[in-house]
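Examining the three-dimensional arrangement
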Amino acid sequence: MSTIEVKKITKKYGEFLAVKDASLSVKAGEVVCLLGPSGCGKTTTLRMIAGLERATEGDVIIAGKRMNDLPPEKRDIAMVFQFYALYPALNVGQNIAMPLHFEKLSKDESDKRVNKVAKILHLTEVLDRMPGQVSEGEKQRIAVARAIVRDPNCFLFDEPLSRLDVELRHSMRGQIKEVLSNLSKATVIVTHDQLEALTMADRIAIMRDGMIEQVGTPHEVFAKPANVFVASFIGTPQMNLMEADLKSFNKGMASVSLAGSAVEMAADPAVSTLKPSKVMIGIRPRAFTAESSAGKSTIRAQAELIEPMGAETLVHARTKLGGDIRVVVPRTQRVKIGEVLHLKPDPKQTHFFGENGRAVRA
Amino acid sequence: MATSTTIWEKLGFRKASGVTEAGWGQTLLAGLVSLIYFLPVLLIIITSFKVQNEAMSVPPKFFPTSFFGLIPDVYVFSPTLENFTSVFSRAFVTGGAVESTGFDRFFFNSMFIAGSSVLLALVIGTLAAYGFSRYPLKGNDTYLFIILTTRMLPAIVVIIPIILMFRIAGLSGSYPGIILLYTAFNLPFTIWMMKSFFDELSLDVEDAARIDGSSELRVFFKICLPQVVAGLAATFVFGLILTWNEFLFALLLTGIDTRTVPVAMNQAVAGGGIGVLWGLLAAIETLFLIPVFLVTFFLQNHLLRGVTFGTVKR
Amino acid sequence: MTMTATQQQTPGFLNVAPDNWKLAIAVGLAVSILAASLFPASASFWVVGAMVAMVAASIVVNAFRKRYYGGLLVSPAIAVLFVMNIFPLLWSLGLSFFAYQSSQQSMRFIGLANYSRLLTDDLKAPELWGNLTNTAMFTVLTVSAQMIVGFLLAVMFAKQFPLRRYLLILVLTPMMLSVVAVGVFFSYYYDPTFGLISQSIKAWNGEQFILFSNKTGAVAGIVFADAWMWSPFVMLLVLAGLVSVPKYLYEAASIDRVGSWRRFWTITFPYIRGLLMLALLFRTIEAFKMADLIILLTKGGNDTMTISYHVIRIANEQNKTSEGAALSYLLLFVVIVLTNLYLYIANRRSREN
C-alpha cells in the first residue's frame, strides 16, 4: 500500500530545532499539503520523508516499512524539486527516462513509458531538446513527468509551482491534480501558497516554527481553525482578530465588548468554559453584513480606505478603539470614505480563542 | 526513539543523507592519503634539522626524539639548527672564516622579483581583461587566442633571442629585465582568467552606475573590481607559485646581484666539492617554501572559488 | 556624424599630428631599417626601440581622442607581450635561417639549411627522433599519471569534512616546491646507498637497489617525481569542477535511483569535462617542455633525453644558437598542432551541445 506515516519526527541542526515532534499520516491516493511561512520546517520535513535529511528523532514509515536509516535510493519514492533539478547534460527524453534505468527495462519498453507520460504532460514535441532550451512551464512538466514515469511508493513535491507565473500556476495546479488523482498514491506537497494548498490538497498540514499546528481538510482549516495562527494564516483577506472582553454567557448568547461596541451574539456552548475575561475573537472579512442602523449586535466603524477587488470591495474601517477592521462587501454596495458602518458579524463564522490562543469549540 | 547507529556512522561515515557532507571518517581517509602525499616534503623538512652524516645515515633516521625510548636509537637523530644558520653564512666550510653566502640577498631577490612581476601582470592583465570583456574588438577571439598561445610556447623558443636582446639592451642581470620577462610570462594566464570573471558579471549594475553619472574609471574601480576579488586572489596565487619557482629563465638571465633562490640553490647543490649538502639544501627549501605556503593557505578559499568562477561556463 | 567631424578626427596622412599613427608607422619603419643597416646592433636597437615607442604613443593618443577605451586598456598588455614574446619569437625565426654561434660574432645566411640538417643528417635526425619519442613517452606517462592521481585526490576532497582545509594544503605543497629541490631530493630518495627506496628494498632482500641502472627505472623515477609534483594542479582544477555541481542534482539522482556509474557520467562528468580538458592541455604542454627534472635527475643518461633538454644543450652548452632556434621552431610547430587539435576537439564538443 502506498502510504506515508511520520511519527513525532524531530530535526536538529546543532542547537537549532528545525522540526519538532511532527506527526502526519497520508493514506493511499491522498494528497496532503504542508503549508506554512518560509522557514517553518516544511521543506525539512519533506526532505526527511525523502531521506535527503535524516531525522534526529522519530520514525518515517513509508508503505508500512520503517525507513529512517534508508537512503533515498532504497525508499522507492518520486520527488519533484523546487528548482526542478533537471540533468543539464541530458535531453528532455533522457531526463524523463532517468528513473527507469534502475528497473533495467528494454529500450523499447522504456521509450514507451517515456512517450506515455510525455503525452500526458504535453511534452512530446520537446523530447529531443536540452533542458536549457525549454520554457519554465515545460521544465516544470518535465520534472513532474520524471516523477510519474515510474510506479513509486509515494510522491513528494517541493514548492512545485513557485517559479511559474500566475497564469501558468493556475493551469498547472489543475493538471497536477488531475494527474495525481489517476495514480492513487500518497502524495505530499510543500507550498507556502495557501491557494495552492486549498485547491490541490485533500488535507492540509499547517506548520509554524517546526511544529504542525493543525491538520485538516481545506474546509476544516478554513472554517474551524484550531488556533490564532491558523486562523490568521488561512484565508484572504486575512481574518480580523480582535481582543474582546467576554462579559457573560447565557443560553447560547455571549455578550462581549468588542472594538468599543457592546455586542451580543450566538456562540458555541464551549465558550461558557472561558472565564469571563479577555478573549480573542476572529471574524472573517466576508462574515459581516453592514446594517443600516446600529443594533444590539453591531460594531460601529468608519470606512477609511477602499480597495475594489472586482466582484467585491474590501473596506478598511476604523473602530471606536482605533483598531483596523477589514470588511468585504458586494460590489453593488457603494461605500464612501468617512461613512459610518454598522457591522453585524455572522455568529456561525465567529471564532472564540482562549488566552492560550486555542480555538474554543464543542 | 533513538535512531540506530552503525559502527561506520560512529566513525563519521554518514549513509542515509548528506550527499557532500562527510564526517570524521573522511578526515581519517583523507588524512592518511594527504600524509603519504606530503611525506617527501616532510622528509625534506626533517632533513633540514640533520647534520650531513645523519642525513646520509644507514638506516635512515626519521625521528628527532626517541619518544621516551619507544624508538630504537638507530632511527633517532639529534636535531640541530645549524643548517638554518648556515643558510646565511658559510660556517660549514671547515676551517674557513664565517662568511656571507648572500642567501639573504637571494631571498630578497626572489620575493621582490616574483612579487612585483605578479602584481604588475595582475594590474596590466586585469586592465586588458576588462578591455577585452567590455569593449570587444573585431576578431576579439583571434587576439585572445594569440595571447593564450604565447603562454604555450616552450620557453626555450624565445630564450635565445631574449638573451641576445637583454645583452644588447643592457638588461641582463638587472631587475627590470627579469621582472618584465616574468610579467609577460604571467600575463596570458592573468588576462584569460580575469576575462572570464568579468564576463560573468552582470552588466546591469554597471549600466545603472553609468546612468547615475559615474565615470568609466569609477565604474571599474568601485563596481567591477570588488566583485572579482576572488579571481584576483586566485590569479595571484597561481602566478606566484609559478614565478616563485621559475628556474630556467632565472638561471640564464639573472646576475650575481639579482640571482633568485632556485638558481642559488642549484649552485649550492655542488657544495664546493664535498658532495650535496643535504641538510643545508633542505633548510633553504624549507625557508623558501614558507612564504608561498602561507600565501596559498590564506587565499585558499579564494583559490577554489576563483577557479570555479573563472572557468566553469554555465 | 558629419563630414567635418570625421575629417577632424582622421588627420591627413602627411599631417604631423600626435595622433597620426599611420605616418608614425611609416616613419618608424623607414628610420628603423636605415638605423639597422647603418649603425651597429647595440645602437640600432635603441633607435628601433624609440621608433616603437613613438608608434605606440601615436596609437595611444589616437585611441584616447576617439574614446577608444578598449584599445587603451588592452595596449599595455599587448606591448609587454610584444616585446617579451612576439618580438623574440620573430627574432628567433630569423636566426634559424642563419649560421650563427653566440661564441663567435660571424653571421651567415644559409636559408633552410639548419632545418634540413636537423631532419636529414645521418647523426642528428635519429637523435632528434629518439628525443622526440622520449618526449612523447614522458608526456603520455606523466600526464596520464597526473590526471589519474589528480582526479582521485579531487574526488576525495570534493566532500566537506573536518580539517579539510588543512589536509588540502598539505596535498598542494608539492606544487609549491622549487623544481630544483624536487629534483635534488628525489635523487636523494632514489640514492642506491642511503636512499630510502634502496634501503627499504635492502631490508627486504638484502640487495642494494639502483633505480637508475636501466631505462625503465630511470623513466619511472622521473615520471614519479613529476607526477607527484604536478598532480595537485590537476586536482585543483578537477576539484573546482566537482564542487560546482549543484547538490540538488545528486539529490535528484538518489531519488531517481541512478547508479553511481551512470551518475558520474551523466551528472558529474559534464561539469568537469571542460576543466579536465584544460588540465590535460596545460599539463601536456608543460610535459612537452620538460627538461629541468631530467637535468637534475639523470642528466639525460639511460636514454632519457627529451627534446627540450636537447635544445638547451645545443643552444646553451654547445653554443649552436641558430641550430637551437631552428629546433625550437620545429618544437613550436608540434605545440601549435597539439593546441589546435585540442581547440578543434573542444569546439566540436561545444557545438554538439
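What you are looking at is a predicted structure, and each value in this text was computed from that prediction instead of being measured.

For the rest of this paragraph, the subject is the overall build of chain B. For chain B, the count of helices and strands is 15 helices and zero strands. The buried share of chain B, taken over its 314 residues, is 39%. A sequence separation of at least 24 residues applies to 69% of the contacts in chain B between residues at least 6 apart.

This part covers the interface of chain C and chain B. On the chain B side, the residues contacting the 80 residues of chain C number 80 residues. Broken down by element, the side of chain C that touches chain B gets its largest block of residues, 15 residues, from helix α4 (residues 69–95) of chain C.

With that out of the way, let us pick up the environment of Ser 66 of chain B. Residues and elements named next belong to chain B. Relative to the elements of secondary structure, Ser 66 occurs in the loop between α3 (52–55) and α4 (82–88). Sequence separation between Ser 66 and Val 237 is 171 residues, and the spatial gap between their C-alpha atoms is 39 Å. Discounting chain neighbours no more than four positions away, the residues touching Ser 66 are Ile 71, Asp 73 and Val 76.

A few words now on the domain arrangement of chain A. Residues and elements named next belong to chain A. Here the domain parsing of chain A yields domain 1 (4–233) and domain 2 (240–353). With five residues of domain 1 at the interface, the matching set in domain 2 holds five residues. For the side of domain 1 that touches domain 2, a count of residues per class yields three nonpolar, two polar and no charged.

Residue and element names in this part refer to chain A. Read from one edge of the open sheet, six strands run β6-β7-β8-β3-β9-β10, paired in mixed fashion. Pairing within the sheet leaves two strands with one partner each, and these edge strands are β6 (77–80) and β10 (211–216). In this sheet, neighbouring strand axes are inclined to one another by 15° on average, regardless of whether the strands run parallel or antiparallel. Sheet analysis places strand β3 (residues 31–35) next to strand β8 (residues 186–191), joined by five bridges and oriented parallel. When the sheet's bridge partners are listed, Val 32 is paired in β8 with Val 188. On the sheet, helix α4 (residues 136–148) packs against β6 and β7 (154–158) and is oriented at approximately 175° with respect to β6.

Residues and elements named next belong to chain B. In contact at an axis separation of 7 Å, helix α2 (residues 24–47) and helix α14 (residues 278–298) are set at 115° when each is read in the N-to-C sense. By crossing handedness, the relation of α2 to α14 is classed as left-handed. On α14, the residues touching Ile 44, Ile 45 and Thr 47 of α2 are Trp 278, Gly 279, Ala 282, Glu 285 and Thr 286. When the residues that make up the contact of α2 with α14 are grouped by side-chain class, the tally is four nonpolar, three polar and one charged.

Take helix α8 (residues 175–200) of chain B next. The end-to-end C-alpha separation of α8 of chain B is 36 Å, in line with the 38 Å expected for 26 residues at 1.5 Å each. The sharpest bend along α8 of chain B measures roughly 35° and falls at Leu 187 of chain B, with the proline Pro 188 of chain B sitting one to four residues further on.

What follows is about the nonpolar core. Grouped together as the largest cluster of nonpolar side chains are 263 residues, with contacts concentrated most on Cys 33, Ala 145 and Leu 156 of chain A, Ile 284 of chain B together with Val 238 of chain C. Among the elements that take part in this core, helix α10 (residues 215–243) of chain C stands out by supplying 19 residues, more than any other. Each residue touching Val 238 of chain C, except ones within four places of it in the same chain, is listed here: Gly 150, Phe 151, Ala 154, Ile 272, Leu 275, Leu 276 and Ala 279 of chain C.

This brings us to the packing of α10 of chain C against helix α12 (residues 260–288) of chain C. Residues and elements named next belong to chain C. The contact between α10 and α12 brings their axes to 8 Å, and the two run at 155°. Considered as vectors, α10 and α12 are oriented roughly antiparallel to each other. Here α10 and α12 pass one another in a crossing that is right-handed. Where α10 approaches α12, its residues Trp 230, Val 234, Leu 237, Val 238, Ala 240, Gly 241 and Leu 242 are matched on the opposing element by Thr 268, Tyr 271, Ile 272, Leu 275, Leu 276, Leu 278, Ala 279 and Arg 283. Residue composition of the contact of α10 with α12, by class: 12 nonpolar, two polar and one charged.

Further remarks concern the environment of His 310 of chain C. Tracing the backbone through its elements, the reader meets His 310 of chain C in helix α14 (residues 307–317). In this structure the C-alpha to C-alpha distance between His 310 of chain C and Leu 90 of chain C, which are 220 residues apart in sequence, comes to 21 Å.

Each value, and the rule that gives it
Residues numbered from 1 in each chain as written. Chains lettered and ligands numbered in written order. Predicted model: local features only at pLDDT ≥ 70, side-chain atom pairs only at ≥ 80, totals over all residues. Helix = DSSP H or I, 4+ residues; strand = E, 2+ residues; numbered from the N terminus. Buried ≥ 20, exposed ≤ 12 C-beta atoms within 10 Å, placed from the backbone. Contact = placed C-beta atoms within 7 Å. Domains from an automatic or database assignment. Nonpolar A, V, L, I, M, F, W, Y, C, P; charged D, E, K, R; others polar. Pairing = 2+ DSSP bridges. Axes fitted to C-alpha atoms, helices over the stretch in contact; angles between N-to-C directions. Left-handed = near helix turned anticlockwise from the far one by under 90°. Expected span 1.5 Å × (residues − 1). Bend = angle between axes of the 7 residues up to and from the residue. Core = buried A, V, L, I, M, F, W, Y, C linked by C-beta atoms within 7 Å. Parallel < 35°, antiparallel > 145°, perpendicular 65-115°, else oblique.

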